[in-house]
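Breakdown of the fold
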Amino acid sequence: MSNPDLSPDSEAQADWEKLPKNSPSRHALPPMTGGGNMLWLWVILLIMAILIIFGLLQGRMG
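Summarised in this report is the structure supplied together with it.

Conventions adopted
Residues numbered from 1 in each chain as written. Predicted model: local features only at pLDDT ≥ 70, side-chain atom pairs only at ≥ 80, totals over all residues. Heavy atoms only, no water. Helix = DSSP H or I, 4+ residues; strand = E, 2+ residues; numbered from the N terminus. Buried < 20%, exposed > 50% of the residue type's maximum accessible area, 1.4 Å probe, protein only. Areas by Shrake-Rupley, 256 points an atom, 1.4 Å probe, with all protein chains shown as cover. Expected span 1.5 Å × (residues − 1). Polar contact = N/O pair within 3.5 Å; in protein donor to acceptor, adjacent residues only side chain to side chain. Patch = residues over 30% accessible without salt bridge, like charges linked within 9 Å, V, L, I, M, F, W, Y side chains within 5 Å. Salt bridge = Lys/Arg side-chain N within 4 Å of Asp/Glu carboxyl O.

Looking only at helices and strands, the protein features 2 helices and 0 strands. Looking at the protein residue by residue over its 62 residues, the buried ones come to 0%. Total accessible area on the protein is roughly 6500 Å²; 67% of this is exposed by carbon and sulfur atoms.

Since the α-helix packs 3.6 residues into each turn, any two residues three or four apart lie on the same face. For helix α2 (residues 39-61), built from 23 residues, the straight-helix expectation of 33 Å at 1.5 Å per residue is met to within 8% by its first-to-last C-alpha distance of 33 Å. A small share of α2 lies buried, amounting to 0 of its 23 residues.

Bringing helix α1 (residues 10-18) into the picture now. The element α1 is largely exposed, with a buried count of 0 among its 9 residues. A distance of 3.3 Å separates the backbone nitrogen of E11 from a side-chain oxygen at the start of α1, and that oxygen is part of D9.

On the surface, a cluster of nonpolar side chains totalling about 780 Å² of accessible area is made up of W40, W42, I44, L45, M48, I52 and L56. By the secondary structure assignment, W42 is in helix α2.

This is how it looks when you write it as structure tokens:
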């Protein structure tokens, strides 16, 4: 957090600009779902979608 009461330090700003600015690697970023295998999530979502579609079709035909 910046403090509006403090004036900017030009020497620190210059040092910051000299630092390398490369993008992080894929290994440095945390996994979106906390890690683990995502296959089970896709299987559950697919089964739920099939059940929802089947339920909607049963409601229209019945």
